[in-house]
Amino acid sequence: MTKEEIIEKVDAFLIDEFEIEEDHIKPDANFKDDLEIESLDFVDIVVIIEREFGFKVKGEEMTHIRQLSDLYDYIEEQVKIHS
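Here the structure is a predicted model, which means the values were calculated and not measured.

Novice: For a negative patch on the surface, give the residues involved together with the corresponding values.
Specialist: On the surface, a cluster of negative charge is made up of Asp 28, Asp 33, Asp 34, Glu 36 and Glu 38. Along the chain, Asp 28 falls in the loop between helix H1 (3-18) and helix H2 (39-53). We classify Asp 28 as exposed; its relative accessible area is 52%.

Novice: Explain helix H3 (residues 68-81) to me, using residue names and the numbers behind them.
Specialist: For H3, which comprises 14 residues, the first-to-last C-alpha distance of 20 Å matches the rise-based estimate of 20 Å (1.5 Å per residue) to within 8%. Those residues of H3 that fall on the buried side of the exposure criterion are Leu 68, Leu 71, Tyr 72, Tyr 74, Ile 75, Glu 76, Gln 78 and Val 79.

Novice: Explain the side chain of Gln 78 to me, and be specific about the residues and the numbers.
Specialist: Inspection of the secondary structure puts Gln 78 in helix H3. The residues touching Gln 78, leaving out its near neighbours within four places in the chain, are Phe 55 and Glu 61.

Thresholds applied
Residues numbered from 1 in each chain as written. Predicted model: local features only at pLDDT ≥ 70, side-chain atom pairs only at ≥ 80, totals over all residues. Heavy atoms only, no water. Patch = residues over 30% accessible without salt bridge, like charges linked within 9 Å, V, L, I, M, F, W, Y side chains within 5 Å. Areas by Shrake-Rupley, 256 points an atom, 1.4 Å probe, with all protein chains shown as cover. Salt bridge = Lys/Arg side-chain N within 4 Å of Asp/Glu carboxyl O. Lys, Arg positive; Asp, Glu negative; His and termini not counted. Charge placed at Lys NZ, Arg CZ, Asp CG, Glu CD. Helix = DSSP H or I, 4+ residues; strand = E, 2+ residues; numbered from the N terminus. Buried < 20%, exposed > 50% of the residue type's maximum accessible area, 1.4 Å probe, protein only. Expected span 1.5 Å × (residues − 1). Contact = heavy atoms within 4.5 Å.

Shown next as structure tokens:
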């Protein structure tokens, strides 16, 4: 899976599941400040990531994710490890 495909999938579920406007979705967008994603929303994000990308997310691995680009990079790394 390419980085572009990962970005497409992530952006799509943020728009669909969290009703984030497409123009707010930028790699440097901060989850809390720009996208208004609360900590409880991260539970839903983890479930979606596990379903869409086929790997188990460890909670401590998500603590460093602040911006959308962090999430893209994390998923890309995990997809490579688990493929």
